[in-house]
Amino acid sequence: MYDLIVSGGKIVLEERIVRADIGVKEGKIVAIGELSSCLATEIVDARGKYIFPGLVDCHVHLNDPGFTWREDFCTGTSAAAAGGVTTVIDMPLQNEPPLFNLDAFSKKARVLSGRSAVDYAFWGAALNYNINDIKELHKAGCVAYKIFLAPVSEDYQTLGEDTVARVFKETLQFNGLVGFHAEDYYTIKKEENKFLNKENCSWQDYLTTRPLSAELTAVTNVIALVRETGARAHICHVSHPAVAALIDFAQREGLPITAETCMHYLVFSSTDLLAKGAFFKCAPPLREVDCRERLWNYVANGVLSVICSDHSPCREDEKDVSLHGVFCAWGGISGLQNTMQLFFEYAINQRKYSPTLLSKALSANPAKIFGLYGQKGAVKIGFDADLVIFDPLMPWIITKDSLLYKNKISAFIGLSGIGLPVRTILRGKTIYIHGEDNAAFYNGCLVIPKD
Ligand SMILES: [Zn+2]
């Protein structure tokens, strides 16, 4: 007897698509094949639909505890569920304090308990004052450690090369993963100094201060340190194909470097920032339109093996240039809810890639890189029954009202396409149905990787 059978759908595995039923018991996938419906307590008919593994968004800023006027776990993970995301990996840097030691870990786990619609894991911080805490954070369950090489807000720290090497020395002991915001601090500061006394700076000025060379320099330095130490590194939000080319080269050399990009770099360009302003501000910034196709190539060939949202919400007034100017207006794009539908539209409908690329880049690869595979990341026997029933024919338009974020602002508002998650299942329980009034319930758990 199964608790649930999802019947008749096309299951999107990493390398192929198969039509089969899925049997679920106690939250796990226990059977895949032709199953008799009289053997189940609940049946979900998935004929005509794809079944994807629940997505793993490995880079979100839900700000909880901390800056919860921007987002909190209830709103952020409800949006995740609507977007087919069943696991979020939350960044450490915008909490009070950042997730830098065991106390901060425990506090965060306590605050979030019973307030998440989806499962979640934690990034830990890597700062110059917490290097001795990293091993304990690993034991507690952090899946990776975040380093900023670029200028960052007062809540966090930019690290220099010596400190990065010390962090690598720690993480190497347990084969841990270090993620990088890879833009070179000095390149950016040098450019910013030119605008210190200028009034009414423009978006072009902002772009000038975040040149491609800053990203290339930072990634080159990370690669050199990885070559020297053998530690694992993950480059966050790669914005430009020239950066991906460096990573490609390092991967061919056999260095343990992985990388991600985000839908905003694959859909928009600097032209959008120049024309439409602050909602399109992010760092690294959007690049020239002619880079975009080459960036897609690196997604298709697996050099940029992960797509994540880098969901970076804020209140609308924090984006107001008349109040803050282009340099201090909030930089970040909210995308957690829309990554799956955007990827399906731009990768599968428009560029004719196989849906298996979605399963890999949005679920299996992040699960593997962050140590959650086996539990998360695939529709396979023994894995958690995290499933997305996806209607490839359902048209959509992203409107303000469709967003479940605390602040309903996003660069993606106004975009349209075909193909939408219509039901999201977390460990065998339906947590979202498209078009229904979804009573939010919060059964999401902290996921600890199994060593
Ligand atoms: Zn981020």
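Residues numbered from 1 in each chain as written. Predicted model: local features only at pLDDT ≥ 70, side-chain atom pairs only at ≥ 80, totals over all residues. Heavy atoms only, no water.

### Points about the sheet that holds strand β10 (residues 177-181)
Within a sheet, neighbouring strands are paired by backbone hydrogen bonds and run either parallel or antiparallel to one another. Pairing is parallel in the open sheet, where 8 strands are placed in the order β6-β7-β8-β9-β10-β11-β12-β13. Each having just a single partner strand, β6 (55-60) and β13 (306-308) make up the two edges of the open sheet. In this sheet, neighbouring strand axes are inclined to one another by 30° on average, regardless of whether the strands run parallel or antiparallel. With 4 bridges connecting them, strand β7 (residues 85-90) and strand β8 (residues 119-125) associate as parallel partners. Note on β8: the bridge partner recorded for D90 is F122. Sheet contacts for helix α2 (residues 102-112): β7 and β8; angle to β8, the most-contacted strand, approximately 155°. Across the sheet, helix α8 (residues 241-252) touches β11 (232-235) and β12 (257-262), and the angle it forms with β12 is around 155°. (Pairing = 2+ DSSP bridges. Helix = DSSP H or I, 4+ residues; strand = E, 2+ residues; numbered from the N terminus. Axes fitted to C-alpha atoms, helices over the stretch in contact; angles between N-to-C directions. Contact = heavy atoms within 4.5 Å.)

### A short note on the packing of aromatic side chains
Going through the model one piece at a time under the given rule, you end up with 22 aromatic pairs. Both rings, one in F67 and one in W69, keep their centres 5.3 Å apart while their planes meet at 40°; by these two values the pair is tilted. We classify F67 as buried; its relative accessible area is 9%. In this structure W69 comes out as partly exposed when scored by relative accessible area, which is 35%. Between F168 and F180, the aromatic rings sit 5.8 Å apart at their centres with planes inclined by 70°, giving edge-to-face as the arrangement. Placement of the pair is F168 in helix α4 (residues 161-172) and F180 in strand β10, with a sequence separation of 12 residues. One aromatic cluster in this structure is built from Y50, F52, F344 and F390. (Phe/Tyr/Trp six-rings, centres within 6.5 Å; stacked < 30°, edge-to-face > 60°. Buried < 20%, exposed > 50% of the residue type's maximum accessible area, 1.4 Å probe, protein only.)

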